[in-house]
Every structure is written in C-alpha cells, then in structure tokens.
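Close look at the chain arrangement
Letter by letter, the chains look like this.
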Number of protein chains: 4
Amino acid sequence: MARFKAQDPDFVAAVRESFDSLTLMRTVGARLLTVVPGEVEVDMPFRDDLTQHHGFLAAGVLTAIADVACGYAAMSLMPPGASVLTIEYKVNFLSPAEGERMLARGRVIRPGRTVTVCAGDVLAIVARTEKLVATMLATMATVNP
Amino acid sequence: MARFKAQDPDFVAAVRESFDSLTLMRTVGARLLTVVPGEVEVDMPFRDDLTQHHGFLAAGVLTAIADVACGYAAMSLMPPGASVLTIEYKVNFLSPAEGERMLARGRVIRPGRTVTVCAGDVLAIVARTEKLVATMLATMATVNP
Amino acid sequence: MARFKAQDPDFVAAVRESFDSLTLMRTVGARLLTVVPGEVEVDMPFRDDLTQHHGFLAAGVLTAIADVACGYAAMSLMPPGASVLTIEYKVNFLSPAEGERMLARGRVIRPGRTVTVCAGDVLAIVARTEKLVATMLATMATVNP
Amino acid sequence: MARFKAQDPDFVAAVRESFDSLTLMRTVGARLLTVVPGEVEVDMPFRDDLTQHHGFLAAGVLTAIADVACGYAAMSLMPPGASVLTIEYKVNFLSPAEGERMLARGRVIRPGRTVTVCAGDVLAIVARTEKLVATMLATMATVNP
C-alpha cells in the first residue's frame, strides 16, 4: 500500500472526478472504493443483464472493471492535471464469474513518466468468501495536460 | 473466408442461438452480422451510456464485442453441441472509439480440438469510412457437450 | 509455497529431467533452482552474447527463462507422465536487464486439468539487490502421456 | 508494403546497423532480410542447441526473432536518430517449430509518436512450404535521441 508516493496531493479527488465521468461504470452499477497511491478498488453487483451464454458475468464486463481499477491505480501516481489512457491489456479468465458482487483490484507494478504497468485481479464475492475469476496485466499511458 | 470448413452443418443456427442468450450483447445493442466458417462479425451503435472519461466508447465495451466475434468464429468450427469459453485475450487500443457504430470482426487463426486461437479487429464506422480502433489476439476453449 | 499439493510424488525428478533436455537452457547457461509445488525458479548469468542494441539482455532471453519457470511451475502440479506446452504468454519489460545474473520465478495462479495459468517475474540481481525487469502472464497446456 | 512512408531517408541503414549490434541475433544465427517502411523480415536456421523438451525450437527463440522483426518494423517509421524499445508483447504458439529455418515477419499496425503497435508471425519453412508456428502482438516505444 505504502510502496508508492503520489505526486498530486489531490489525486483522490482527481480519480473520483474522472471515475464519475465514466458513463459505462454508472451503466453497470460500479462503484469506486479504495483509492490509495498505486492501488484502486472498484466493485459492482452481479447483474442478469450483463451475462454470457452460461449465465455468468461476461468477460468484457470483468475486463471493464479491471481496466478502470488498473487505469486509476496508474493515474493516482501521475502529476496534477494528467489523465490516463489504456494502451493495452491481457486478461486470463480463471473461474466462472458468479456471486453477489465482483471486486476489481488494480495496482501499479512499475510507474513511469509516459508508460505505467499495472496488474489487476477480479474477485467474485459470495457471502464473505472471495474467488479469483480474472487476472489482468495492463499498460497505461500518461496523457499530459 | 473459405479457408476453413465447418464440422457442424448447423453452425450458423448454433452460433445465432448462443448469441441470443448473451444478455450483455442485448444491453449494449449489439447485433450478430456475418457468420461463416471461422469468421464472425458483430456490430453495435455508438452509445453515450457506455463511454470512458474522454467521451469515447470504453475499452471494455470494444473488448466485449471483439471477444464475442472471436468466440463465435472459434465456435463456428467446433463439433455439434460444443460451446466456447474465453481462456484469455490481449487487446491493443489504437484510436479513439468514436463514430456512428463499431464493427468487430473475429477470425480463426488456428483451430484446435481443445484450444482455438483467434484474432479480432474493431473498426469505427463513420459515414462509409472505417478506422481501426482496437485489435485482439485471443485463446478460446472448446467445451464439449 | 504450500498453496498447492503435487499429484505426482516424483514431480521434482520429472521437472529436473525435463529441464535437462532443454538445449536452449544449456546454451544460455541457465540453472534450475527451486522446484516446489506450483513454483519454480531458474537463473542465468548475464552474458555478452545474448544482448540487444543497448547492451542489456535481450527480451527474448528474459522471456525464455520466465517461460521455463512458468512451464515447470505448471508441470509440478500435473499428473505423473504429463508434460507441458506453452499455449501463449504476455510479457511486460520494466527495466533494463543488467546485473550479474537474472532470476526467473514462475508460480501457478490457477491450475487446471487441461489449462494452467501462471505468472512469472524476472529479477536482475546485482550484489544482493533485486530489481524487477520483466513480468509474464502465461497459459500452459497439459500434454497427457 | 507501401502502406507507410518512412520519415528517415536512411532508415534501412539505421535498422541494419542496429541489428548488427544485437549479439543475441548473432548467437542464434539470425539474419536481417527485408527492411521496408513498416515491415521487416528476419530468419534463422533450425538449431539443435536452441530447443525445448520435445526437440522443437524453444518458445523464447521464436519470440526473440519475432520481437526483433516487430521492433525494427516500428523503428523503420521513426525519425532519424531514434531507437526502439519493447514495452510488451504477447505470443501465441500454434504449431511445433520444426523445419529447415524460421522466418519472422513483423509489420506495423499503428505507428505513433511515442508508442507503435506491431504484429508479427513466425513461419517454419520446410522445402518451400510455410507453416505458421507463432503469432505476436507487440507494443514498441520510440526512444528519442
């Protein structure tokens, strides 16, 4: 958690303001939880209107919340005024995405001036147990103001 | 197009029936277009409720339609009764996803009994021009009945 | 370390025997170190004949040792007689690969009957400090005898 | 082939000079073949000292030549004096790498000022037939002088 130090003293507000502009996150019912330097958590409820052919949450939905968690983990370490763009990601799907809600945790592996590398996990939460359903390795770009 | 031969004479119906069970595709307004052996196209309109912080379609949405196009391209070559699961994918984002609609094209690169490798592109369509906005390389599993 | 249990009581011997057949590992001077259920370490010295244009170890070399560490981490959990094949991997390069030697650590994230997902890190070792130079996310296949 | 235009009139010489500094390529016996704007070919002979446990060329070796072909495809479009660094790549392995020689073809999918996205294929050549053995999707960085 304390592995990184933010450059922008107002990084939490900057991340929250940007998150609030993501209409996709509102559409899927996602919430921004933890925002600390280099680490962000996002969760969403299971939703019957976002499933694939076996009735589990679709890969693209898990990817979307992992992408946002990783992107804001990267942005939390960027200078004031910067925004973040996803260059690319890879995701492995590990277990069926079923449960009460999904929790995506993004963390910075290697911050950089122009490129930041992040890892993310998506956990399915049932009662109080967690099951890893997807894991992401992502490359984020700094967009300077 | 004619590079591959389907094993299941009813692969078009099987793919269409499976696509119709994807509630996420309905939610984002996606349609299944071309279904030929080893190649599938899916499109969706631009939608203001599926955007990221710059007002473009979010990465997860582009990924979702590319995943479906790749997955059904793989399924089109599978034996009768089989279904498809996404093992993993990697996506590069190349240009802002703006336009009237997005067209995802998935194609099989290497079919296999248990694992099929696919590539997919997402094109933004404005008037009659196409712009490549994302490209995917994906690994799909055969789920035997 | 003790997160997984091996199926094959002789998994260490099986992994070592397979490693010894890898002529590439001999050619680059790599050694197999730790072999425990779901986790394998491989190291190699820095070598001037394996570099890229800035004089650091080339990406393909780091990838090769990470691939072997991940592959044998997967194989350590497979049934007796099985061997492992790399389906795919993604690697991010984080820092220049300079140092006395490189240490690759592979670990299983999700074992499976036919497909196992692994993560790997490559660390550059100088004196007694470690620097993360590359990180891998890989999908391995079980090849049954 | 003529899809892209080089910025550096001497890009062929710049790529060849950089290739000649890659000691790994010399060690594995690779040669630089075609160098045109946005596309580069590299080949190497099959070699018994670079194999994996089934006697095929190891994944890391195929990756190494695909990485070089993609990297120089990217560099061919960069301004004079720039060099290239691999940010990340993903590779799928499609068939056993056996044959007389391996041919890696890298091509630019999307050039950029700081980040260039490339695709690469590795073909096994036997007699005069080609077999696709691996495919890469890669992200390259421009290192300005």
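Let us look at the structure shown here.

1. Observations concerning the overall build of chain A
Within chain A, the regular secondary structure consists of three helices and six strands. Counting from the amino terminus, chain A carries its helices and strands in the arrangement α-α-β-β-α-β-β-β-β. Radius of gyration (C-alpha) of chain A: 15 Å, near the 15 Å computed for a compact globule of 145 residues. In terms of overall dimensions, chain A has C-alpha extents of about 45 × 25 × 25 Å along its principal axes. When each of the 145 residues of chain A is scored for burial, the buried share is 60%. For chain A, restricting intrachain contacts to residue pairs at least 6 apart in sequence, the fraction spanning at least 24 positions comes to 68%.

2. Here we look at the relation of the copies chain B and chain A
Taken as rigid bodies, chain B and chain A are interconverted by a rotation of 180° and an axial shift of 0.0 Å, the fit giving an RMSD of 0.0 Å. Here the transformation between the copies is reduced to the relation of a two-fold axis. Across chain B, the rotation axis passes nearest the C-alpha of Lys 90 of chain B, at a separation of 2.0 Å. Of all interface residues in chain B, 100% are interface residues in chain A too; the two copies therefore contact each other through one and the same surface.

3. Focus on the pairing of strand β3 (residues 83-93) of chain C
Residue and element names in this part refer to chain C. For β3, the buried fraction is high: nine of the 11 residues fall into the buried class. Alignment of β3 against strand β6 (residues 129-143), held across 10 bridges, turns out to be antiparallel. Its bridge partner lying in β6, Tyr 89 is registered against Ala 138.

4. Things to note about the interface of chain B and chain C
In this assembly, seven residues from chain B lie in contact with seven residues from chain C. Looking at the side of chain B that touches chain C, the elements that each hand over two or more residues are β3 (83-93) and β6 (129-143) of chain B. The element contributing the most residues to the side of chain B that touches chain C is β3 of chain B, with three residues. The class makeup of the residues in the side of chain B that touches chain C is three nonpolar, two polar and two charged.

5. Comments concerning the sheet that holds β6 of chain C
Read across the sheet, 12 strands follow the order β1(C)-β2(C)-β4(C)-β5(C)-β6(C)-β3(C)-β3(D)-β6(D)-β5(D)-β4(D)-β2(D)-β1(D) without closing on themselves; strand pairing throughout is antiparallel. A strand with exactly one partner marks an edge of an open sheet, and here the two such strands are β1 (31-36) of chain C together with β1 (31-36) of chain D. Recorded for the sheet is a direction-independent mean angle of 25° between the axes of neighbouring strands. Across five bridges, β3 of chain C lies against strand β3 (residues 83-93) of chain D in antiparallel orientation. Counted as the bridge partner of Glu 88 of chain C is Asn 92 of chain D from β3 of chain D. Against the sheet, helix α3 (residues 59-75) of chain C contacts β1, β2 (39-45), β3, β4 (101-110), β5 (115-126) and β6 of chain C together with β3 of chain D, and its axis sits at roughly 40° relative to β4 of chain C.

6. Brief notes about the pairing of strand β1 (residues 31-36) of chain B
Regular strands show a simple pattern: their side chains alternate between the two faces of the sheet. Residues and elements named next belong to chain B. With four bridges joining them, β1 and strand β2 (residues 39-45) adopt antiparallel strand pairing. Note on β2: the bridge partner recorded for Arg 31 is Asp 43. Counting the residues that bridge the hairpin from β1 to β2 gives two residues, and of these Gly 38 lies at a positive phi of roughly 85°.

7. What to know about the interface of chain B and chain A
On the side of chain A, 28 residues touch chain B, which itself brings 28 residues to the contact. Taken together, the elements giving at least two residues each to the side of chain B that touches chain A come down to α2 (23-28), α3 (59-75) and β3 of chain B. The element contributing the most residues to the side of chain B that touches chain A is β3 of chain B, with nine residues. Of the residues belonging to the side of chain B that touches chain A, the class tally is 11 nonpolar, 12 polar and five charged.

8. Observations regarding the relation of the copies chain B and chain C
Here two copies of a chain appear, and what relates them is a rotation about an axis with a shift along it. For the match of chain B to chain C, the screw axis carries a shift of 0.0 Å, the RMSD comes to 0.0 Å, and the turn is 180°. When you check the interface residues of chain B against chain C, 100% turn up at the interface there too, and the contact is symmetric in its surfaces.

9. As for the sheet that holds strand β5 (residues 115-126) of chain A
Here 12 strands make up an open sheet; going across it, the order is β1(A)-β2(A)-β4(A)-β5(A)-β6(A)-β3(A)-β3(B)-β6(B)-β5(B)-β4(B)-β2(B)-β1(B) and the pairing antiparallel. Every interior strand has two partners, whereas the edge strands, β1 (31-36) of chain A together with β1 of chain B, have only one. Neighbour to neighbour, the strand axes of the sheet diverge by 25° on average, direction disregarded. Contacts between helix α3 (residues 59-75) of chain A and the sheet are confined to β1, β2 (39-45), β3 (83-93), β4 (101-110), β5 and β6 (129-143) of chain A together with β3 of chain B, with β4 of chain A contributing the most and set at about 40° to the helix. Most of the contacts of helix α1 (residues 11-20) of chain B go to β1 of chain B, to which it runs at about 160°, and overall it touches β1, β2 and β3 of chain B.

Cut-offs applied
- Residues numbered from 1 in each chain as written.
- Chains lettered and ligands numbered in written order.
- Predicted model: local features only at pLDDT ≥ 70, side-chain atom pairs only at ≥ 80, totals over all residues.
- Helix = DSSP H or I, 4+ residues; strand = E, 2+ residues; numbered from the N terminus.
- Rg over C-alpha atoms; globule rule 2.2 N^0.38 Å.
- Buried ≥ 20, exposed ≤ 12 C-beta atoms within 10 Å, placed from the backbone.
- Contact = placed C-beta atoms within 7 Å.
- Least-squares fit on C-alpha atoms with pLDDT ≥ 70 in both.
- Pairing = 2+ DSSP bridges.
- Nonpolar A, V, L, I, M, F, W, Y, C, P; charged D, E, K, R; others polar.
- Axes fitted to C-alpha atoms, helices over the stretch in contact; angles between N-to-C directions.

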